[in-house]
Protein chains: 2
Amino acid sequence: MTSEIKQQSIDDFINHLASGDPTPGGGSVCAVMGSMSAALISMVANLTIGKKKYLSVETHMQVLLEQATELNEQLLDLLKADIAAFNQVMQAYRLPKQSDEEKNKRNTEIQSALITATEVPLSCAEICRKLIALSRQAALLGNTNVASDAGVAVVAAQAALRSSALNVYVNTGLISQPEFKKSCEAKIAQLLAGADSETEEIYALVKSKL
Amino acid sequence: MTSEIKQQSIDDFINHLASGDPTPGGGSVCAVMGSMSAALISMVANLTIGKKKYLSVETHMQVLLEQATELNEQLLDLLKADIAAFNQVMQAYRLPKQSDEEKNKRNTEIQSALITATEVPLSCAEICRKLIALSRQAALLGNTNVASDAGVAVVAAQAALRSSALNVYVNTGLISQPEFKKSCEAKIAQLLAGADSETEEIYALVKSKL
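Now for a look at the structure at hand. Residue indices begin from 1 for each chain and proceed along its sequence in written order. In the order they appear in the text, chains get letters beginning with A and ligands get numbers beginning with 1. Only residues with pLDDT of at least 70 get local features here, since the model is predicted, and only at 80 or more are side-chain atom pairs given and counted; chain-wide, interface and lining totals rely on the full set of residues. To obtain the side-chain values, all non-hydrogen atoms of the structure were included, while hydrogens and water were left out.

1. Comments concerning the overall build of chain A
The number of helices and strands found in chain A is 7 helices and 0 strands. Starting at the N terminus, the α and β elements of chain A follow one another as α-α-α-α-α-α-α. If you line up chain A on its principal axes, its C-alpha atoms span 75 × 35 × 25 Å. Scored against the burial criterion, the 210 residues of chain A give a buried share of 54%. Taking all contacts inside chain A whose residues are at least 6 apart in sequence as the whole, residues at least 24 apart take part in 79%. Numbered from the N terminus, helices here are DSSP runs of H or I no shorter than four residues, and strands are runs of E no shorter than two. Buried means the residue's accessible area, taken with a 1.4 Å probe over protein chains only, is under 20% of the maximum for its type, while exposed means over 50%, and partly exposed covers the values in between. Note on contacts: a residue pair qualifies if any of its non-hydrogen atoms lie within 4.5 Å across the two residues.

2. What to know about the relation of the copies chain B and chain A
Each copy is superposed on the other by least squares, with the fit set by C-alpha atoms of residues at a pLDDT of at least 70 in both. The two copies are related by a screw operation: chain B maps onto chain A through 180° of rotation and 0.0 Å of translation along the axis, at an RMSD of 0.0 Å. Taken together, the rotation and translation describe the operation of a two-fold axis. When C-alpha positions in chain B are compared against the rotation axis, the closest is assigned to B:Ser9, at 1.9 Å. A symmetric contact is evident, with 100% of the interface residues of chain B recurring at the interface of chain A.

3. Section: the packing of helix 5 (residues 147-172) of chain B against helix 6 (residues 178-192) of chain B
Any two packed helices are characterised by how steeply their axes cross, that is the angle between the axes, and by the distance between the axes. Residue and element names in this part refer to chain B. The angle between two axes is taken between their N-to-C directions and runs from 0 to 180 degrees, where each axis is a line fitted to C-alpha atoms and a helix contributes only its stretch in contact. Running from N to C, helix 5 and helix 6 cross one another at 170°; their axes reach a closest spacing of 10 Å. One way to sum up the angle between helix 5 and helix 6 is to call them roughly antiparallel. The two elements helix 5 and helix 6 cross, and the hand of that crossing is left-handed. Contacts from Leu161, Arg162, Ala165, Val168, Tyr169 and Thr172 in helix 5 reach Lys181, Cys184, Glu185, Ile188, Leu191 and Leu192 in helix 6. Oblique is the label for every angle not falling under 35 degrees (roughly parallel), over 145 degrees (roughly antiparallel), or within 65 to 115 degrees (roughly perpendicular). Crossing handedness is read from the near helix: turned anticlockwise from the far helix by less than a right angle, it gives a left-handed crossing, and turned clockwise, a right-handed one.

4. Re the pattern of salt bridges
Here, a salt bridge means any side-chain nitrogen of Lys or Arg that lies within 4 Å of a carboxyl oxygen of Asp or Glu. According to the stated counting rule, one finds 10 salt bridges over all chains in the structure shown. A salt bridge links B:Arg162 to A:Glu200, with the nearest nitrogen and oxygen atoms 2.8 Å apart. Of this pair, B:Arg162 sits in helix 5 while A:Glu200 sits in helix 7 (residues 195-209), which puts the two residues in different chains. B:Glu126 is paired through a salt bridge with B:Lys187; the nearest N and O atoms lie 3.6 Å apart. Here the residue B:Glu126 occupies a position in helix 4 (residues 100-141), and B:Lys187 occupies one in helix 6, the gap between them amounting to 61 residues.

Rendered as structure tokens:
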């Protein structure tokens with residue numbers, strides 16, 4: 001199932017999410033929200049390209065489309081990576097812990113799995129911060145008929161970024177290497193810094209165009 | 001396709017969203033974000049029910065699960081309704097407009113379609129405001145191992161609410177009946193009031209539990 005999550009129907013995905021299975025969970029939701037944000041930016045670009053009224057921003061919109069498409073692909077990969085990372089953590093916790101040797105091995109495996117499980121939401125957060133910036137271009141220069149879609153894009157990217165931060169904290173809380181923990185927390189703080197005010201600006205810009 | 005949107009794979013949905021087709025668009029994204037929020041609340045409830053440590057909140061969690069499940073069903077219906085409403089607006093705009101009679105008929109159809117197209121995001125916003133409240137219960141009383149999921153739930157519900165507001169404005173901007181327009185704008189303002197601060201409180205509560 002892990003490899004096929006993006007092939008699942010929305011209905012099945014929602015049902016699995018709601019169930020008592022630990023995956024998919026919040027990490028998958030971050031990736032899907034980010035992916036929907038990227039897709040809406042692409043939609044705005046696609047509905048701007050080729051329109052006479054927007055000829056002056058045609059090249060800009062083509063670049064925007066390329067960037068959003070690439071970030072979207074990365075997010076759909078993270079959707080899969082998030083579940084794999086979570087399962088790896090779960091497997092490590094299930095390792096035997098009788099002898100000292102087993103305890104050491106288990107601990108090493110847990111810590112290694114937690115590092116991957118932290119890197120996934122960090123990557124998601126990084127992409128979503130970029131999507132906030134791309135949403136501004138979609139809102140500023142895109143077809144005004146779909147300005148609200150640029151607005152939904154920025155709000156979804158912000159939600160995915162803030163959600164990813166929670167998924168970073170939940171893992172760093174369990175990581176024993178103080179340096180890795182510190183560097184991850186510094187990175188997420190940097191990605192969050194200014195993101196809310198940037199989102200508010202773009203939301204207000206969109207609202208002024210409706 | 002309209003009736004089968006929730007049966008589409010995530011990948012197909014994202015591709016259709018990104019395309020130059022007007023549907024699915026921002027309205028569908030609102031419904032999916034709301035639905036993921038509801039599903040995460042259900043997940044927290046499901047991972048709390050039956051656990052010895054949480055016996056004292058068992059009944060509370062069962063009620064929470066029922067409420068989240070019902071709101072989720074409503075959101076999945078809105079996913080379909082949003083596309084139908086949008087298509088109805090598009091069809092009305094395509095009606096002939098040569099004679100005065102045709103113009104009148106077209107205008108009546110457009111206005112009628114716009115009313116439905118405004119009611120859908122209003123309903124979505126209403127549900128998402130309820131989900132913010134339910135997220136608080138999940139965060140406060142649910143299994144702390146999945147506290148981050150309650151945090152993602154509140155952020156997703158807020159994003160869906162704020163996005164729905166944009167979809168209300170985009171339609172009320174075109175509605176000619178001043179009373180309907182005014183009542184919708186008052187309703188969405190009421191739904192938005194305090195939602196951001198409520199979300200921040202819940203987000204901070206979740207962060208404190210990680």
